[in-house]
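So the chains spell out like this:
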Amino acid sequence: MNIDMAGLQELSRAECLSLLSSTPIGRVVFTERALPAVQVVNYVLDGEDVVFRTAAGSRLSEAARGAIVAFEADHFDETSRTGWSVTAVGPARIVEEPGEVVRLARLPLVPWAPGHHDQLVAVRAELVTGRRLH
């Protein structure tokens with residue numbers, strides 16, 4: 001077990017992916033008009049891809065066209081002061097191949113936010129890091 005300089009446990013890639021699959025809410029960090037932007041999404045993990053829905057033409061949809069984004073999810077318990085945080089960085093893409101759209105549409109991914117979310121976005125988790133607070 002590796003401990004970082006802050007005293008937090010560094011997580012392996014496998015641990016990070018397992019934790020990402022355990023929670024439904026995360027944050028997409030992207031660039032909008034040359035500035036950092038963050039948007040909360042509900043998501044599922046499909047292999048090593050973070051998949052979420054967004055509205056066509058939305059700022060998140062526009063940011064997902066080949067850009068490198070970060071995705072962060074976490075879980076903390078205030079009472080025990082324990083928790084974890086995982087960040088995945090990689091290219092985002094609008095899912096357009098018909099077979100993949102059909103396959104991903106079968107995943108348990110129902111948008112929590114109101115409105116029409118007809119576009120699927122996949123973020124390839126190329127760089128994955130995480131830490132746990134005991």
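Residues numbered from 1 in each chain as written. Predicted model: local features only at pLDDT ≥ 70, side-chain atom pairs only at ≥ 80, totals over all residues. Heavy atoms only, no water.

Asks: With reference to specific residues and values, describe the pairing of strand β7 (residues 82-94).
Replies: With ten bridges joining them, strand β6 (residues 68-77) and β7 adopt antiparallel strand pairing. Considered in β7, the bridge of Ile-68 is made with Pro-91. Where β6 folds back on β7, the antiparallel hairpin that results is connected by four residues, among which Arg-81 adopts a positive phi of roughly 55 degrees. Here β7 pairs with strand β9 (residues 127-133) via seven bridges, running antiparallel. When the bridges of β9 are listed, Ser-85 appears paired with Arg-131. In this sheet, strand β8 (residues 119-124) lies alongside β7 in antiparallel orientation, the contact comprising three bridges. Residue Ala-92 lies in a different strand from β8, and its bridge partner there is Val-123. (Pairing = 2+ DSSP bridges. Helix = DSSP H or I, 4+ residues; strand = E, 2+ residues; numbered from the N terminus.)

Asks: How would you summarise the environment of Ser-12 if you had to cite specific residues and measurements?
Replies: The residue Ser-12 is located in the loop between β2 (9-10) and α1 (13-20) in this model. In sequence terms Ser-12 and Asn-2 are ten residues apart; their C-alpha atoms lie 9.3 Å from each other.

Asks: Any chance you could break down the environment of Val-69 for me, citing the residues and the numbers?
Replies: Topologically, Val-69 is positioned in strand β6. For Val-69, a relative accessible area of 4% translates into the label buried. Separated by 55 residues in the primary sequence, Val-69 and Arg-124 have C-alpha atoms spaced 9.4 Å apart. (Buried < 20%, exposed > 50% of the residue type's maximum accessible area, 1.4 Å probe, protein only.)

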